[in-house]
Amino acid sequence: MLKLDYTIARKFEELVEKGKKVNSSQQINDIAAIVDSKLFQDWANSALSLLQQVFGEESAYYRNFEAIYAKIINITYKESFDNCRAIVQSARTEFEAGGLTDIRLFLDHAVLEYLGERTLDFLRRGDLSTASILASVLLEQALTLICESKTIPAGNLSEMNEALYQAKVYQVGTYQRVKDWFYMKEDFIAGDGSRYRTADVEDMLRGVQKFIDKEIG
């Protein structure tokens, strides 16, 4: 589903350390500040390789870095190195921000999976009331995630269902099914769940899981 690439994170850290060595090689000549060409070339080649691997050759990071690098012939001016290093830092920031998003997505999916498993446990024990309530919690968690992704304010289950339907996130059939699942849970809470059979709660859980697979993945 998602993969956190610690190798890439480590390579960015290695570039930082190499960059420090390039920076410390700074000298001032009659014209401007320069850095050691060999150290810079080693750092720049590693940087280009990483930018290509993570973002691709068509990315702004890769193209802008290469454009600066291509103009360096014999002397590496400190200003050119600083510009290249700023590009790498921006790329690293974007990569790390994406990694944090991945972790959040992983945790969100883990919560949904756990709630689904617990609901099934109670269903197998014949505890239809608890199973229905947990299935509703699972559904509410899913609606919250969908609302967040659509920048719709989160609320209770009914409010979010209404808001998502009004925003045309899903069709009227889905809207009505969510309402039906909500009413089933309310009946159990009110002590009115005797009219539901095991098959009804099983259908609810199965429907909620299909809804999650379709709307969230």
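To be clear, the structure that these remarks concern was listed above.
Residues numbered from 1 in each chain as written. Predicted model: local features only at pLDDT ≥ 70, side-chain atom pairs only at ≥ 80, totals over all residues. Heavy atoms only, no water.

### Section: the packing of helix α5 (residues 128–149) against helix α7 (residues 172–189)
Threshold: A fitted line through C-alpha atoms serves as each axis, taken over the contacting stretch for helices, and the angle formed by two N-to-C directions is quoted from 0 to 180°. Each helix is a run of H or I in the DSSP string that is no shorter than four residues. Each strand is a run of E no shorter than two, and both are numbered from the N terminus. Working rule for angles: under 35 degrees goes down as roughly parallel, over 145 as roughly antiparallel, 65 to 115 as roughly perpendicular, anything else as oblique. Two helices cross in a left-handed way if the nearer one is turned anticlockwise from the farther one by less than a right angle. They cross in a right-handed way if the turn is clockwise. Two residues qualify as a contact provided that any one of their heavy atoms is within 4.5 Å of a heavy atom in the partner residue. Only Asp, Glu, Lys and Arg are considered charged in this grouping, and only Ala, Val, Leu, Ile, Met, Phe, Trp, Tyr, Cys and Pro are considered nonpolar; every other residue, Gly among them, is considered polar.
As a packed pair, α5 and α7 sit with axes 9 Å apart at the nearest point and diverge in direction by 140°. Relative to α7, the element α5 lies oblique. Where α5 crosses over α7, the handedness of that crossing is left-handed. Residues L128, S129, S132, I133, S136, L139 and L143 of α5 pack against V178, W181, M184, K185, F188 and I189 of α7. Here the residues of the contact of α5 with α7 are counted per class, giving nine nonpolar, three polar and one charged.

### Here's the deal with the side chain of S59
Here is the rule we go by: Type-normalised accessible area, obtained with a 1.4 Å probe on protein chains alone, sets the label of each residue: buried when under 20%, exposed when over 50%, and partly exposed for intermediate values.
By secondary structure assignment, the location of S59 is in the loop between α2 (37–55) and α3 (60–70). For S59, a relative accessible area of 12% gives the class buried.

### Examining α7
What counts is decided by this rule: Every helix has an expected span of 1.5 Å times one less than the residues it contains.
Over its 18 residues, α7 runs 26 Å from end to end, which matches the ideal 26 Å to within 8%, given 1.5 Å per residue. For α7, every residue scored as buried is listed here: T174, Y175, V178, W181, F182, M184, K185, D187 and F188. Positive backbone phi, approximately 80°, marks G191, located one or two places after α7.

### Regarding the sheet that holds strand β1 (residues 27–28)
The test is simple: One bridge is not enough; two strands pair if DSSP finds at least two bridges between them.
Strand order in the open sheet formed by three strands is β1-β2-β3, with antiparallel pairing between adjacent strands. The open sheet has two edge strands with one neighbour each: β1 and β3 (76–77). In the sheet, β1 pairs with strand β2 (residues 33–35) via two bridges, with the strands oriented antiparallel. Within β2, the residue paired with I28 across the bridge is A33.

### Some details on a nonpolar patch on the surface
The condition that has to hold: Like charges are joined within 9 Å and nonpolar side chains (Val, Leu, Ile, Met, Phe, Trp, Tyr) within 5 Å, but only among residues with over 30% relative accessible area and no salt bridge; these make up the patches. Surface accessibility follows the Shrake-Rupley procedure with a 1.4 Å probe radius. Residue values consider only the protein chains on display as shielding. The term salt bridge refers to a side-chain nitrogen of Lys or Arg lying within 4 Å of a carboxyl oxygen of Asp or Glu.
Together, I31, I75 and Y77 line one region of the surface with nonpolar side chains, adding up to about 300 Å² of accessible area. If you trace the backbone, I31 turns up in the loop between β1 and β2. For I31, a relative accessible area of 69% corresponds to the exposed category.

### Things to note about unusual backbone geometry
Here the phi dihedral of T151 falls at roughly 55°; this positive angle occurs in a residue that is not glycine. Although it is not a glycine, K168 sits at a positive phi angle of roughly 65°. Relative to the assigned elements, K168 resides in the loop between α6 (157–166) and α7.

### Regarding the environment of Y77
Looking at where Y77 falls in the secondary structure, it is placed in strand β3. Note: C-alpha distance between Y77 and R197 (120 residues apart in sequence) is 77 Å. Setting aside chain neighbours within four positions, we find Y77 in contact with A32, A33 and I34.

### Here's the deal with the environment of I73
Position of I73 relative to the elements: it lies in the loop between α3 and β3. When the C-alpha positions of I73 and S37 are compared, they lie 9.5 Å apart, and in sequence the two are 36 residues distant.

### A few points about the packing of aromatic side chains
Which entries qualify depends on this criterion: Note on aromatic pairs: the rings of Phe, Tyr and Trp (six-membered ring only in Trp) are paired at centre separations within 6.5 Å, and the planes decide the class, stacked below 30 degrees, edge-to-face beyond 60, tilted for the rest.
Applying the stated rule across the entire model yields eleven aromatic pairs. Seen in terms of ring centroids, W43 and F65 are 5.7 Å apart; in terms of plane orientation they differ by 45°. Their pairing is tilted. Residue W43 is located in helix α2, and its partner F65 is located in helix α3; the two are separated by 22 residues in the primary sequence. Classification of W43 as buried rests on a relative accessible area of 1%.

### Here we look at the pattern of salt bridges
The tally for this structure, following the rule as stated, stands at eleven salt bridges. Among the salt bridges present, the one from K78 reaches D82, with a minimum N-O distance of 3.0 Å. Here the residue K78 and the residue D82 both occupy positions in helix α4 (residues 78–125), the gap between them amounting to four residues, near one helical turn. You can call K78 buried: its relative accessible area is 12%. In this structure, D200 and R197 form a salt bridge, with 3.8 Å as the shortest nitrogen-oxygen distance. Several salt bridges share partner residues, and in doing so they unite K78, D82 and R85 into one network.

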